[in-house]
Structure formats: C-alpha cells, structure tokens
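# Structure at a glance
Spelled out from the first residue to the last, the chains are:
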Amino acid sequence: MSDPPSYEELSANFSWSIAEQELGHQPGDPINIGWMCSDRICRMGLANKLALHWEDYQGNEKQFTFDDLRVLSNTIAHFLSELGIRPGERVCLFMDRVPELYIGFLGVLKMGGVVQPLFSAFGDESLFVRLQDANTSAIVTQKKHVHKVRKIREHLPNLRYIILVDAGESPLQQSEVSFPMDQARRIEDFAVYPTTAESPSVLHYTSGTTGQPKGAQHVHYSVISQYLTAKWVLDLRPDDVYWCNADPGWVTGTSYGIIGPWSNGITQVVFDSGFNAERWYEFIEKHRVTVWYSAPTAIRLLMKEGTEIVQRHDLSSLRHLASVGEPLNAEAVVWSQKVFGTPFHDTFWQTETGCIVITNLPGMPVKPGSMGKAFPGITATVLHPKTYEAVNQTGIAGLIALRPGWPSQIRGYWNNEAGFKAKFKNGWYLCGDRASIDADGYFWFMGRDDDVINTGGHLVGPFEIESALLEHHAVAESAAVAKPDPVNMEVVKAFVTLKRGYDPSGDLELEIMNHIRKRLSPLAMPQEIEFVDCLPKTRSGKIVRRILRCKEFHEPVGDLSTIMDD
Ligand code: WT7
C-alpha cells in the first residue's frame, strides 16, 4: 500500500475546491448531504457495496448497501413530507444507535429538514430545553425513550408529531405515529429537496459556561470539509471497514459517523453498545476493522485492561487509528503504537468547527502528547488572552484561534446572535481552549479557557447542572465544577449549600445525584457532592467556580482581586 502524502505535499496549493471537484459540486448548484451520501455513491457504481453493518449488544445484526441507504432515506423523507413537515423545520432524532438513526439522518436532510440529533441518554429536562429552543416540529424516537417525550409533550405546543420506529402493537397516544422503517413501502424515487450551500442541515446542541446549551447551526456545504478531512485525516481508502465509536447525538457521530465515511463511499460498522474491552476487540476482529476513530477515555480504559487481552485477538486488520474529544496523553499514543503497531493520531476540533481543524495527518511524524498541526486550508494560531494578538512565540500558551471561513464552520447559534458574535475577536474565531505551538508548528493542548466540564469527551455546562440542582427541594445554592479523574479526564463535582432544615447526609447526596441523572443525563450527574456552608462569590454576588475548580486540581488560585470586584 502506498505511503500517505506528507503534510507539505498536502498543504502545497491546497484549496477546498479539491473537495468540490471530487464531489462533483459546482458553486451555486444545489447540494444536499443526504443525496451526497447515498444517491451519489450509487451513481458511482457502488449501489451494492455494503454501507452499514450494524450490530447490537445482544448480537442482532443488520446490513445495508448504499442502495438501501438511498431507498430507505427516500422512504423516510417521503413519510415526513406526507406528514406535512416542510423544508427548514427541525426534526429531532432521539434514538439509540439503531439503523433508523443513521438512515433517518439522511432522510430528514433529503426532504430539506434540519436534523436535530439528541443523545438518547438525555433525561426529560435536557430534552425539553433543546426541543423548546429549536422549536422542533417532530421527534423520531423508540418505545424505550418515548416516556421522556410524553412527560414534556404538553409544554411543547409546536411539536406536531412523535414518530415511533418500533411501536409494534403498542398503543399510541395523540399525535404519535408509527414508522417501522423495514416494513414501510420502499420509495425508489424521491425528489430530493434542492438545498443549496448555505441551507441549514444539522443543529447540534453544545454546552457553554453560561446559559442553556446553544444550537450550533451547520449547513449543507459542510460536507466539503467533512468529506476531505475524513479522507485525508482518517486515511479512508475504498476497501476500508471503518468504525467510529461516537454516538450521532454528538458531532463526532455525525461529521465522522455518517457524513465523512458515507460521502467517501466507505463501509462502516456500528456497534450499539457501551464500552467493553473484550467485546470491542471481538468486534474489530470479526469485522476486520481497518480504520478506528475513538476517544482518549476509551483508550485509557483499554490500557487498564492490559495487553494480554489484545494478544488473544487478531487485530492485524487495523491500519489507522485516530482519537478525538479530550487531550490524548502521550502514554496512550506510545501504548497504542506498541500494542496495535500504529499509534492513535490525535485530532482536535469541536461542534462549532464541524470538521477536524488541528491534527496529526497520516503522513506526519507523530509527537506523542501533541494534537498535531493545522489541517491544510485551516489557519490556526494562539492569541494573547488580553490583546487577542497572535502570541508568535514558541512554547507560550495562548487562546486557540482560527481564521473564519472554512466550509463546515457553523453559521451561527440558533436564536443567539450575541453568543455567536462573542466567539470572534480581532478577526479570529476563538475555540475556548488554550494551547502552545512549538517550533515545528505542532499544537500542545493546555486546557479549556472556560468553566465547561469535559467528561470522557463530552462537554457539560455548569449552568445546566446548577439549574437542575436548584430544582431539588433541599438545595439553596450550587456550583458545578470539573474534578480531575484518571479515566474520564474530568468528572462533575457539585458544591451545594442546603436550605434551612436540611442536613448533609450520604442519602441526600445520593438523592441529589439521582435527580441530576434522571433530569439531565448520566454524564451530567455529579460524581461527588460536597455540602458547604457558603460558596465563594464576587462582590456582586456571582459564584466564582474558578476558585473551587483550582482547589480540586490543586492549582494556585492566583490573583482574585479583579474577580472579587466583578
Ligand atoms: C471541545 C469540543 C469535536 C469532537 C468532540 C467534541 C475538547 C476536542 C480535543 C483534543 C484536547 C479536545 C476541546 C474542544 N477537545 N478534541 N484532541 N485534545 N481537547 O466536540 O463537544 O464541541 O467539544 O472538546 O475543549 O473545544 P465538542
């Protein structure tokens, strides 16, 4: 197999028009991600190629060719249109990693709808704030999750349809409809809605420090970036069997769990199951996975299981490994090189960037612990945190900043122009992270520049957790901060003051933890609650999370005078 091209070769004369040409897109013409990932691949003569081999924890399996993707996404698009869902309306997908989620994603896009994928482990409160904010018209879900939708249904007057993909004979309530994808009449031809480059495509909710999560608005043109980064960074080749661990409730699971591989016509395998080292290695062995996109938390869990379990499996099919979501520690890179014969390649990006922006390309020497260099076509630097001027000095920390204008950058936050504007300074887009750059242009991640908690690669916003904590009858005030964790990098820790008449106890701690798990999600659940008499505040009364966080990380709190003055 030929060696991948060097960074210099890929960077020379780079233009995103390379992707436009390869995808056959002429500027100004309609462009539709659903069509790009199915009809176009069939037209290339790959209709009978396997697109998706799906498996769940119980061992159920299903296979779909690119022609199945085409026809079944037509079928879903047709069904939604017949229900009266119009282009531009938001359709939420709230499902486990079942085939209906992946194919439904293409179907919504084909009828011009905006897909709003939500993580199926979300509780009713997390679901509610996102459906209300997006003014969502329809939600596609499963029997096991519908109770959460039913609970909030009456507070969502604009939610016209709840679509169940596995209702079977179970009774439906008002405005619920059944759509069993496999049994529906297959629609061979569907007039794909002629979305254009700037038409909204996917709305992903992401957490910030303040306020409820923000809806990151992507457009159909994003496929230009997702196609090329998937091909170059993940090193996708025609005979690959690609496995992405991410759930499409998060951006990795859509950009590189749907759009990236399928716009490249690549076969992917999906395992609808949580972490289990033995099962994961069996899965790789059975499907002869060649390219694997995973996350540091999973890699650290695999490291804990040791190398003996690796040796019991034939993992020789693996050719390229990549990782995203949190800092990939140098030990994990060295370990993977040793046990898999190839290192995990770190990739840095975020919901807002839509595609990988800083990375170790396959043809680049990997420096363990570094995120790599800016993807060709992306201008990245680090800025001084006060002046927002480029630091221009190797090894000095600054704010990671990108020159706006690459194809998959979000076009805004839903209904939140001010929040979007605040992400730009001095003509740069700020990621909200800190890093330094070395003499070779490699980025070294240092940490986030805000109070957002990154647990196992998932961002959770302190505000959401604190709002849900305050709903609990015993809680007077609260602050949610990150606490270091050897596997998940960070977990949520909550500091709580109690209302008069309540005393701290282990039972109360468990009760509050459970309240958060059910209302928000297992990710947002504090792993520890510390009951305190008071919380550190500014003079104007704002809780200062930074002080609590620094204590958790045993870091110096630094100068507090400006904070206290607020
Ligand atoms: C935040 C974005 C984009 C994929 C999944 C998360 C952190 C992401 C890395 C990395 C260190 C990373 C950053 C970033 N992050 N990749 N390789 N090294 N940190 O998307 O939920 O929008 O989170 O995840 O803090 O800003 P997201």
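Residues numbered from 1 in each chain as written. Predicted model: local features only at pLDDT ≥ 70, side-chain atom pairs only at ≥ 80, totals over all residues. Heavy atoms only, no water.

## Observations concerning the overall build of the protein chain
On a plain count of helices and strands, the protein chain comes out with 19 helices and 27 strands. Since a compact globule built from 566 residues should have a radius of gyration of about 24 Å, the 23 Å found for the protein chain is in line with a globular shape. Viewed in the frame of its principal axes, the protein chain has a C-alpha envelope of about 65 × 60 × 50 Å. The buried share of the protein chain, reckoned over its 566 residues, is 59%. The long-range share in the protein chain, meaning contacts at least 24 apart out of those at least 6 apart in sequence, stands at 68%. Averaging the coordinates of the 54 positive side-chain charges in the protein chain and doing the same for the 68 negative ones gives two points 3 Å apart. (Helix = DSSP H or I, 4+ residues; strand = E, 2+ residues; numbered from the N terminus. Rg over C-alpha atoms; globule rule 2.2 N^0.38 Å. Buried < 20%, exposed > 50% of the residue type's maximum accessible area, 1.4 Å probe, protein only. Contact = heavy atoms within 4.5 Å. Lys, Arg positive; Asp, Glu negative; His and termini not counted. Charge placed at Lys NZ, Arg CZ, Asp CG, Glu CD.)

## Examining the layout of surface pockets
In this structure, the second largest pocket encloses a volume near 250 Å³. Taken together, 15 residues line the second largest pocket, and the ones lying closest to its centre are Lys62, Glu100, Val165, Asp166 and Asp182. Residues of the lining of the second largest pocket, tallied by class, amount to seven nonpolar, four polar and four charged. (1 Å grid on protein atoms, 1.4 Å probe; cavity = no way out; pocket = protein on both sides within 12 Å on 5 of 7 lines; lining within 4 Å. Points joined across faces, edges and corners; volume = space filled by probe spheres on them. Nonpolar A, V, L, I, M, F, W, Y, C, P; charged D, E, K, R; others polar.)

## Points about the sheet that holds strand β12 (residues 291–294)
What the nine strands build is an open sheet, ordered β2-β1-β11-β10-β12-β13-β14-β15-β16; its pairing is mixed. One side of each edge strand has no neighbouring strand; the edge strands of this open sheet are β2 (61–65) and β16 (373–374). Pairing of strand β1 (residues 50–56) with strand β11 (residues 267–272) involves five bridges; the strand directions are parallel. Across the sheet, residue Trp54 finds its bridge partner in β11, namely Val270. (Pairing = 2+ DSSP bridges.)

## A few points about the pairing of β12
Of the two faces of β12, the one carrying Val291 and Tyr293 and the one carrying Trp292 and Ser294 are both buried. Strand direction decides the pairing type here: β12 and strand β13 (residues 320–324), joined by four bridges, are parallel. By the bridge assignment, Ser294 is partnered in β13 with Ser323.

## Structural notes on unusual backbone geometry
With phi around 55°, Asn135 is a residue other than glycine that occupies positive phi space. Relative accessible area serves as the criterion here: at 37%, Asn135 is assigned to the partly exposed category.

## Section: empty space enclosed by the protein
Tallied over the entire structure, the rule returns five cavities of 30 Å³ or more. Here the largest cavity defines a volume of roughly 140 Å³. In terms of lining, the largest cavity is formed by 19 residues, of which the most central are Phe122, Arg130, Ser207, Trp250 and Glu464. Contributions of two or more residues to the lining of the largest cavity are made by α7 (124–134), β8 (200–206), β24 (458–460) and α16 (462–470). Each residue belonging to the lining of the largest cavity can be placed in one class, and the counts come to 11 nonpolar, six polar and two charged. Residue-level mapping places the lining of the largest cavity at the junction of two domains, with at least three residues from each of domain 1 (7–434) and domain 2 (453–552). (Domains from an automatic or database assignment.)

## A closer look at the domain arrangement of the protein chain
Quoted interface sizes are often the accessible area lost when the parts come together. According to the domain assignment, the protein chain consists of domain 1 (7–434) and domain 2 (453–552). A straight line from the C-alpha centre of domain 1 to that of domain 2 covers 30 Å. If you look at the interface, domain 1 gives 25 residues, while domain 2 gives 23 residues. For the pairing of domain 1 and domain 2, the buried interface totals around 1,800 Å² over both sides, and the portion due to carbon and sulfur atoms is 54%. It is Glu125, Ser207 and Trp250 in domain 1 that bury the most area against domain 2; as a group they hold 25% of the surface buried on that side. Summed over the shared surface of domain 1 and domain 2, the result is three salt bridges. Among the residues making up the side of domain 1 that touches domain 2, the classes are represented as seven nonpolar, 11 polar and seven charged. (Buried area = accessible area lost by both parts, 1.4 Å probe. Salt bridge = Lys/Arg side-chain N within 4 Å of Asp/Glu carboxyl O.)

## Focus: the pairing of strand β25 (residues 475–485)
Regular strands have side chains that alternate between both faces of the sheet. In the sheet, β25 pairs with strand β26 (residues 489–498) via 10 bridges, with the strands oriented antiparallel. Within the sheet, the bridge partner assigned to Val475 lies in β26 and is Leu498. The loop that links β25 with its antiparallel partner β26 comprises three residues.

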